[in-house]
Amino acid sequence: MAFVHLQVSTAYSLLSSTISISKWVQQAKKFHYDTLAITDRNVLYGTISFYNECKKNGIKPIIGLTADVVSPVAHDQGYPLVLLAKDETGYQNLLKISSTIQTKSPQGILLNWLRAYSEGLFAISPGIDGEIEQYVLQGDMEKAETIACHFKQIFGEDSFFYHCSSIS
C-alpha cells in the first residue's frame, strides 16, 4: 500500500517549518515516494518550485494549502483546514482562497467565500488544531457535528475527510 504525506508545510510557512522543497523532494525520491503534497499555511509561495522539482524527479505533485477558516460557530476565530486541489479548477480556487486571506480577510476565509471556491477541492480536518477536533476535546459533540456537517455540505460527502470516532 502506498503512503502519501498530505499535510506538509515548507519553509514558506514562516515559523512553522524549515523544510527546503528541493531537499525534501530529493529525500522523497531516495525513499521511492511517487507522490508528495504541499500545504503551506495560507500561502502558495512554494507551489511553482515544488511542482517543477517534483516533475523533474518523476514525482506526482499534489498542490494544497492549509487555510485558516473563520468558524461559523466561533465567528471571531480561524481554524486550519487542509485543502488539496483535485484538478485545475481546484488549483485556481486555491489561488483565490490564498489571495482572499492575504488581501481581504487575514483572520481566515469566511465560510460563504470558502463555499464559492470549493469546487475541485478535497478538504481534510487537520487534526488536533482543527475546529472539529477542538470541540471534541472540549466534549461539545453538538458543535463538532455542526461543523462537520457544514464542511460536508460545502465540499460534498466524498470530498471532506475527518477522523473523530465519536462523530457520525
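About the criteria used
- Residues numbered from 1 in each chain as written.
- Predicted model: local features only at pLDDT ≥ 70, side-chain atom pairs only at ≥ 80, totals over all residues.
- Heavy atoms only, no water.
- Axes fitted to C-alpha atoms, helices over the stretch in contact; angles between N-to-C directions.
- Helix = DSSP H or I, 4+ residues; strand = E, 2+ residues; numbered from the N terminus.
- Parallel < 35°, antiparallel > 145°, perpendicular 65-115°, else oblique.
- Left-handed = near helix turned anticlockwise from the far one by under 90°.
- Contact = heavy atoms within 4.5 Å.
- Pairing = 2+ DSSP bridges.
- 1 Å grid on protein atoms, 1.4 Å probe; cavity = no way out; pocket = protein on both sides within 12 Å on 5 of 7 lines; lining within 4 Å.
- Points joined across faces, edges and corners; volume = space filled by probe spheres on them.
- Nonpolar A, V, L, I, M, F, W, Y, C, P; charged D, E, K, R; others polar.
- Salt bridge = Lys/Arg side-chain N within 4 Å of Asp/Glu carboxyl O.

Colleague: How would you sum up the packing of helix α1 (residues 21–30) against helix α2 (residues 47–56)? Please name residues and give values.
Modeller: Interhelical geometry of α1 versus α2 gives an angle of 30° and a closest axis separation of 10 Å. Overall, the two elements α1 and α2 adopt an arrangement that is roughly parallel. Of the two possible hands of crossing, α1 and α2 adopt the one that is right-handed. Between α1, through I21, S22, W24, V25 and Q26, and α2, the contact on the second element is made entirely by S49, F50, E53 and C54.

Colleague: Describe the sheet that holds strand β2 (residues 60–70), listing the residues and the values that go with them.
Modeller: The mixed open sheet is built from five strands, whose spatial order is β1-β2-β3-β4-β5. Every other strand in the sheet has two partners, leaving β1 (35–38) and β5 (160–161) as the edge strands with one partner each. With four bridges connecting them, strand β3 (residues 78–85) and strand β4 (residues 121–124) associate as antiparallel partners. By the bridge assignment, V82 is partnered in β4 with I124.

Colleague: Mind laying out empty space enclosed by the protein, listing which residues take part and the relevant values?
Modeller: The final tally for this structure, using the stated rule, is one cavity of 30 Å³ or more. Approximately 50 Å³ is the volume attributed to the largest cavity. For the largest cavity, the full set of lining residues is V69, Y79, P80, L81, S125, P126, G130, E131, I132 and F151. When residues in the lining of the largest cavity are grouped by element, the largest group, three residues, is from β3. Its residues placed into classes, the lining of the largest cavity shows seven nonpolar, two polar and one charged.

Colleague: Describe the pattern of salt bridges, listing the residues and the values that go with them.
Modeller: Using the criterion set out here, one finds three salt bridges in the structure. Notably, a salt bridge pairs D68 with R41, separated by 2.6 Å at the nearest N-O pair. In this pair, D68 is assigned in strand β2 and R41 in the loop between β1 and α2, connecting sequence segments 27 residues apart. Between D140 and K143 there is a salt bridge, with the nearest N and O atoms lying 4.0 Å from each other.

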